[in-house]
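# Secondary and tertiary structure notes
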Protein chains: 2
Amino acid sequence: MAEPLFQRLCIIGLGLIGSSLARVAKERGGLAATVVACDTGPGVAARVAELGIADVVETDAARAVEGCDGVILCVPVGGFAGVMATIAPHLAPGAVLTDTGSTKGSVLRDLQPLLPAGVHLVPGHPMAGTEHSGPDAGFATLFEGRYTILTPPPGTDPAAVEKVAELWRRCGAMLETMDAATHDKVVAIVSHLPHLIAFTICSTADDLAQETQEQVLKFAASGFRDFTRIAASDVNMWRDIFLNNKPALLEMLARFSEDAQALGRAVRWGQADFIEDRIHRGQKVRKSLIALKQA
Amino acid sequence: MAEPLFQRLCIIGLGLIGSSLARVAKERGGLAATVVACDTGPGVAARVAELGIADVVETDAARAVEGCDGVILCVPVGGFAGVMATIAPHLAPGAVLTDTGSTKGSVLRDLQPLLPAGVHLVPGHPMAGTEHSGPDAGFATLFEGRYTILTPPPGTDPAAVEKVAELWRRCGAMLETMDAATHDKVVAIVSHLPHLIAFTICSTADDLAQETQEQVLKFAASGFRDFTRIAASDVNMWRDIFLNNKPALLEMLARFSEDAQALGRAVRWGQADFIEDRIHRGQKVRKSLIALKQA
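Residues numbered from 1 in each chain as written. Chains lettered and ligands numbered in written order. Predicted model: local features only at pLDDT ≥ 70, side-chain atom pairs only at ≥ 80, totals over all residues. Heavy atoms only, no water.

### Structural notes on the relation of the copies chain A and chain B
- When chain A is fitted onto chain B, the two copies agree to an RMSD of 0.0 Å after a turn of 180 degrees and an axial shift of 0.0 Å. The superposition operator between the copies reduces to a two-fold rotation axis. Taking C-alpha positions as reference, the residue of chain A nearest the rotation axis is A:Asp226, located at 2.9 Å.
- Comparing contact sets, 100% of the residues at the interface of chain A also lie at the interface in chain B, consistent with an isologous, same-surface contact. (Least-squares fit on C-alpha atoms with pLDDT ≥ 70 in both. Contact = heavy atoms within 4.5 Å.)

### Some thoughts on empty space enclosed by the protein
- According to the stated counting rule, one finds one cavity of 30 Å³ or more in the structure shown.
- In this structure, the largest cavity encloses a volume near 50 Å³.
- Taken together, A:Phe256, A:Ser257, A:Ala260, A:Gln261, B:Leu253, B:Phe256, B:Ser257, B:Ala260 and B:Gln261 form the lining of the largest cavity.
- For the lining of the largest cavity, the secondary structure elements donating two or more residues are α10 (246-268) of chain A together with α10 (246-268) of chain B.
- No other element matches α10(B), which puts five residues into the lining of the largest cavity. (1 Å grid on protein atoms, 1.4 Å probe; cavity = no way out; pocket = protein on both sides within 12 Å on 5 of 7 lines; lining within 4 Å. Points joined across faces, edges and corners; volume = space filled by probe spheres on them. Helix = DSSP H or I, 4+ residues; strand = E, 2+ residues; numbered from the N terminus.)

### Structural notes on the pairing of strand β1 (residues 6-12) of chain A
Residue and element names in this part refer to chain A.
- For β1, the tally of buried residues reaches five of seven residues, placing the bulk of the element in the interior.
- Note: β1 against strand β2 (residues 32-38), six bridges, orientation parallel. Residue pairing across strands places Ile-12 opposite Cys-38, the latter belonging to β2.
- Viewed along the sheet, the connection from β1 through helix α1 (residues 16-28) into β2 turns out right-handed.
- Sheet topology places β1 next to strand β4 (residues 70-73); four bridges connect them, and they run parallel. Across the sheet, residue Ile-12 finds its bridge partner in β4, namely Leu-73. (Buried < 20%, exposed > 50% of the residue type's maximum accessible area, 1.4 Å probe, protein only. Pairing = 2+ DSSP bridges. Right-handed = clockwise from strand over helix to strand, strands pointing away.)

### Focus: the side chain of A:Ser203
- Within the fold, A:Ser203 resides in helix α7 (residues 180-212).
- Not counting residues up to four positions away in its chain, the partners in contact with A:Ser203 are B:Arg278 and B:Arg281.

### Description of the packing of aromatic side chains
- Tallied over the full model, the rule gives 12 aromatic pairs over all chains.
- Plain terms: the ring middles of A:Tyr147 and B:Phe219 are 5.2 Å apart, the flat faces sit at 75 degrees to each other, and that makes the pair edge-to-face. Here B:Phe219 lies in the loop between α7 (180-212) and α8 (224-231) and A:Tyr147 lies in strand β8 (residues 147-150), a pairing that spans two chains. Both residues of the pair, A:Tyr147 and B:Phe219, belong to the buried class.
- Linked through ring pairs, A:Phe199, A:Trp238 and A:Phe242 together constitute an aromatic cluster. (Phe/Tyr/Trp six-rings, centres within 6.5 Å; stacked < 30°, edge-to-face > 60°.)

### Side note on the interface of chain A and chain B
- Listed per partner, the contact involves 89 residues of chain A and 89 residues of chain B.
- Considering only the surface of chain A that becomes buried against chain B, A:Lys218, A:Phe219 and A:Ile279 emerge as the three largest contributors, covering 8% of it.
- Our count for the chain A to chain B interface comes out at 11 salt bridges.
- A salt bridge links A:Asp206 to B:Arg281; the shortest N-O distance between them is 3.2 Å.
- Joining chain A to chain B, the criterion identifies 26 residue pairs in polar contact (both at pLDDT 80 or more).
- Looking at the side of chain A that touches chain B, the elements that each hand over two or more residues are β8, α7, α8 (224-231), α9 (235-244), α10 and α11 (272-291) of chain A.
- Of the residues forming the side of chain A that touches chain B, the biggest block, 23 residues, is contributed by α7(A).
- Considering only residue class, the side of chain A that touches chain B consists of 46 nonpolar, 20 polar and 23 charged. (Buried area = accessible area lost by both parts, 1.4 Å probe. Salt bridge = Lys/Arg side-chain N within 4 Å of Asp/Glu carboxyl O. Polar contact = N/O pair within 3.5 Å; in protein donor to acceptor, adjacent residues only side chain to side chain. Nonpolar A, V, L, I, M, F, W, Y, C, P; charged D, E, K, R; others polar.)

### Remarks on the pattern of salt bridges
- One pass over the full model with this rule turns up 35 salt bridges over all chains.
- A salt bridge links A:Asp240 to A:Arg239, with the shortest nitrogen-to-oxygen separation between them at 3.0 Å.
- For A:Asp240, a relative accessible area of 8% corresponds to the buried category.
- By relative accessible area, which is 17% here, A:Arg239 ends up buried.
- A salt bridge links B:Asp207 to A:Arg281; the shortest N-O distance between them is 2.7 Å. Separated into two different chains, B:Asp207 in helix α7 and A:Arg281 in helix α11 make up a pair that spans both.
- The partly exposed category is assigned to B:Asp207, whose relative accessible area is 31%.
- Residue A:Arg281 is classed as buried on the basis of its relative accessible area of 16%.

These figures come from the coordinates and say nothing about function on their own.
Right, dumping it as structure tokens:
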């Protein structure tokens, strides 16, 4: 087995992502000699102790991070400023602070101002998930074959970046590095906008069902149901993502809306060529995903 | 085995749906004593003969329908008027004419004016499919546990309606009956709009990838890829659907766009309650689908 990357790694937030990381550490080893799990959610810490996926379980974040050479924040991004205010005075000199938040501009905004001298901040985002949440939803293979994007600010200690990269490699993830603004645009189009659309179309269909008194949903097999899987996602996490990636999400919604209106206009005016071109592009994109093994 | 429903059943169009019907007839029996398959697409008739899923293979629709007591049109809805002009003079008195088209107002518009006296028209729509197309894509279990919607015009012979209903029951489908206008609204929201959105977001993402020079698509795992499966659908079929369900599709696009803009506005102004409500509705809809076994 590989030498543990961290002596004492604190995972704050034991939802789908945090509990999956804890399981990787427990089941495969190589991440940390000691894993400290911290969650303030009702019953979560008790459940994590029951599951036996951490060496130490805490509900006090300030105490949890003490003496840790690695801290990883896995709470919804709306909680970052609060958690950082609690833990910042207790972070050990030389510690590496990373996270799994879905928005990276907001993470820099919330963490950097409170970062103690000598603590290395390496924001990260594993592009993996399911529609399930909570400590029971995690599993050790969640990150395998998926990308984790790191967005270290300019000047970050390369050794700290490498340590976080290696943590994700040991989880089976593939690594990419980009700046926070590019990250936020990319996830706005591949993840946040699809979720916004999925939540919306569920409401639109629900309204129609009430209006027509037809059980619209029972006919969902041919298209609609693909949209609803992601619409079942965690409420707090997604509210926080939307509110913390505002400019990029609104820009992507605007682009998408223009494109949807253009296709609607082609339908209205019977422009078969335009419609065919859009469908061809859909097929092309699908084929790219298959080629990239992300389908 | 049950007595065959039809003596001679002609399937026109041997794509995913038509070839799946032929397979049900062949593998399970009970649909027809003799199955005539007719397709004018390049190489399709030859391939159907090779696959051995029909008793008679034709490329001439006029000859194919002669002497048939059942005819089922499985071509893209844009082809209905042309096929009907060819076959109408050759339809046998007392025959039942049905179809699998995804839009039902257009089917009535295209078939009713040419319907010979004594031929019974019972439009139908099996709500089943995959993103694959062509005679090799079909399989005998495609319709199992899925709804088929029948939209017989007022005054249709109940015995003809029952015969078509029984055909679908023997394919494993569940039956619903509604008027064509309600059908077109229901499929616009559960199927056509999701496809329009999927085609659109693929184009939007593709444009962004070109602009940022980032390989946006490799990060598709968390949301986007669910949209792309349906975006890989058949070009001709979907162009025809969009053009033949114009009013309902444009109405649903307008409703969806209003709802998406409302959610976008809530994001801009930080209205957490509104955002949470939309996510909750998404979860509610997803749970309904699971309860209805359509998830």
